[in-house]
Amino acid sequence: MNWEQLLSLKRQGDTGKRLRSEQDDTRLGFEVDYDRIIFSAAFRSLQDKTQVIPLSKTDFVHTRLTHSLEVSVVGRSIGRLVGKKIIEKYPYLKEAHGFHMNDFGAIVAAACLAHDIGNPPFGHSGEKAIGEYFKTGNGQQYKDQLTAKEWQDLIDFEGNANGFSVLTGNRAGIEGGLRISYATLGAFMKYPKESLPKKPTNAIADKKYGFFQQDKAFFKDVAEELGLIPNKSGDDLGYERHPLAYLVEAADDICYTIIDFEDGINLGLVEEDFALEYLIKLVKESIDASKYNSLTTKEDRISYLRALAIGSLINDAVRVFIENEEAILQGKFPYALTDKSKYKAQMDDIIKLSVKKIYQSQEVIQKEITGYHIINNLLDKFITAFNNKHEGKMSNYDQLLLKLLPEKYQVEKANLYERLMHISHYISLLTDGNALLLNKIISSNNG
């Protein structure tokens, strides 16, 4: 892979080449990506989607929106630091093509902003709930009518693939969705493969999948434009990662490791003494003891340590990337950057404690169970009604139910797979609160 191609400003539908040297620096294409994402309805809905604690009304707990903004800030810093090193190593990128270090930051910041845009309500249990509706629920009845890969898309519903659909999906009059630049889409694509074969290797890029069958053709177009390296054979489609996807992943890893931990401390799920013991290991090289000892509240002490910890992890992620940049360009770095961090043991300790004290707390478990029931019920009612309409056997109840669908979802889908994906996509983009309210309306109407 080469950086000039990887930094493509192309957007879906372009017929000519967009040159960096001809860009208006006051309205750079990669920054337009950021603006389009932040003004999108799917991004706004993240304000009422769970990061850790589902349906929490506590004011300091992170939502998907605040998490995404924080990941974007961290990603921008990592991207600029990496960009500075890349421009120094390959000066022709600036001299011949006009690229700047901030371009790298802008691409990574935009991709980070969108990294959770396809996640269903109720946290990661929302993905599992959609998958299990098809795998073990009433959705099982559709298996024999779908291809193996179409079925896998449904039983292993993936927020990353759904996010690619959000960013690129066509609607009448809106071709190419948000029309994000291919460089930003490449950085967004952490798992550049289809749903089957599942985990064919232990490489980090094969851990999950990154696009649904309905988006396969465009995904391939993006990958080929960027010069990503194909790594699957026959009818299976998959590629080595875009190098900047490693930076997006690192920013996310850093934020959820440190900031979810901070939420757990502020909620009282993790004792402050525990927290200090874990965080100080990350910041011992940069902590100012007198500054730290002058802070009188737990919140301020934790906030100070969190900022230093994130700074340490950012600098280390940049180090790992630059040391392995040539292997990454050759598609020969099958790890997350944090896997090779000098702080890996400390991060693992924090995640282990977070799993025990936060992710498996009674509040989280109870709310996730509620989310399972809600998503299962919504999928069942809407899919049944949508299919009944297509088959000409719609009941009055079905008709009423489908009137609850927003206008942009009031479309015909001739293909069963597309119908099932259409409703799954609709449910996945509901906020936690909207899903709760919609379920209440449907349950009372049906009861």
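Look up: the structure comes first, before these words.
The structure contained in this document is the topic of the report that follows. (Residues numbered from 1 in each chain as written. Predicted model: local features only at pLDDT ≥ 70, side-chain atom pairs only at ≥ 80, totals over all residues. Heavy atoms only, no water.)

1. Thoughts on the overall build of the chain
Then comes step 1: Scanning the chain from N- to C-terminus turns up 21 helices and zero strands.
Then comes step 2: Here the chain has a C-alpha radius of gyration of 22 Å; the compact-globule value for 447 residues is 22 Å, and the two agree.
Then comes step 3: Expressed as lengths along the three principal axes of its C-alpha atoms, the size of the chain is roughly 70 × 55 × 40 Å.
Then comes step 4: Considering the chain as a whole, with its 447 residues, one finds that 55% of them fall into the buried category.
Then comes step 5: A sequence separation of at least 24 residues applies to 73% of the contacts in the chain between residues at least 6 apart.
Then comes step 6: Only carbon and sulfur atoms are counted for the fraction: they give 49% of the accessible area of the chain, which is about 19500 Å².
Then comes step 7: Across the chain, 56 positive and 62 negative side-chain charges occur, with their mean positions spaced 1 Å apart. (Helix = DSSP H or I, 4+ residues; strand = E, 2+ residues; numbered from the N terminus. Rg over C-alpha atoms; globule rule 2.2 N^0.38 Å. Buried < 20%, exposed > 50% of the residue type's maximum accessible area, 1.4 Å probe, protein only. Contact = heavy atoms within 4.5 Å. Areas by Shrake-Rupley, 256 points an atom, 1.4 Å probe, with all protein chains shown as cover. Lys, Arg positive; Asp, Glu negative; His and termini not counted. Charge placed at Lys NZ, Arg CZ, Asp CG, Glu CD.)

2. A closer look at the nonpolar core
Then comes step 1: If you look at the biggest cluster of nonpolar residues, it comprises 131 residues, and the most contacted ones within it are W3, I78, F134 and F382.
Then comes step 2: Not counting residues within four places of it along the chain, the set of residues in contact with W3 comprises I86, Y90, L93, F104, P243, L244, F321, E325 and L329. (Core = buried A, V, L, I, M, F, W, Y, C linked by side-chain atoms within 4.5 Å.)

3. Focus: the packing of helix α13 (residues 272-283) against helix α15 (residues 298-323)
Then comes step 1: The N-to-C vectors of α13 and α15 enclose an angle of 30°; their axes lie 9 Å apart at closest approach. Compared by their axis directions, α13 and α15 come out roughly parallel. You can see that α13 and α15 cross each other, and the crossing is left-handed. Only K298, R301, I302, L305, L308, A309, S312 and L313 of α15 make contact with α13, whose side of the interface consists of E272, A275, L276, L279, I280, L282 and V283. (Axes fitted to C-alpha atoms, helices over the stretch in contact; angles between N-to-C directions. Parallel < 35°, antiparallel > 145°, perpendicular 65-115°, else oblique. Left-handed = near helix turned anticlockwise from the far one by under 90°.)

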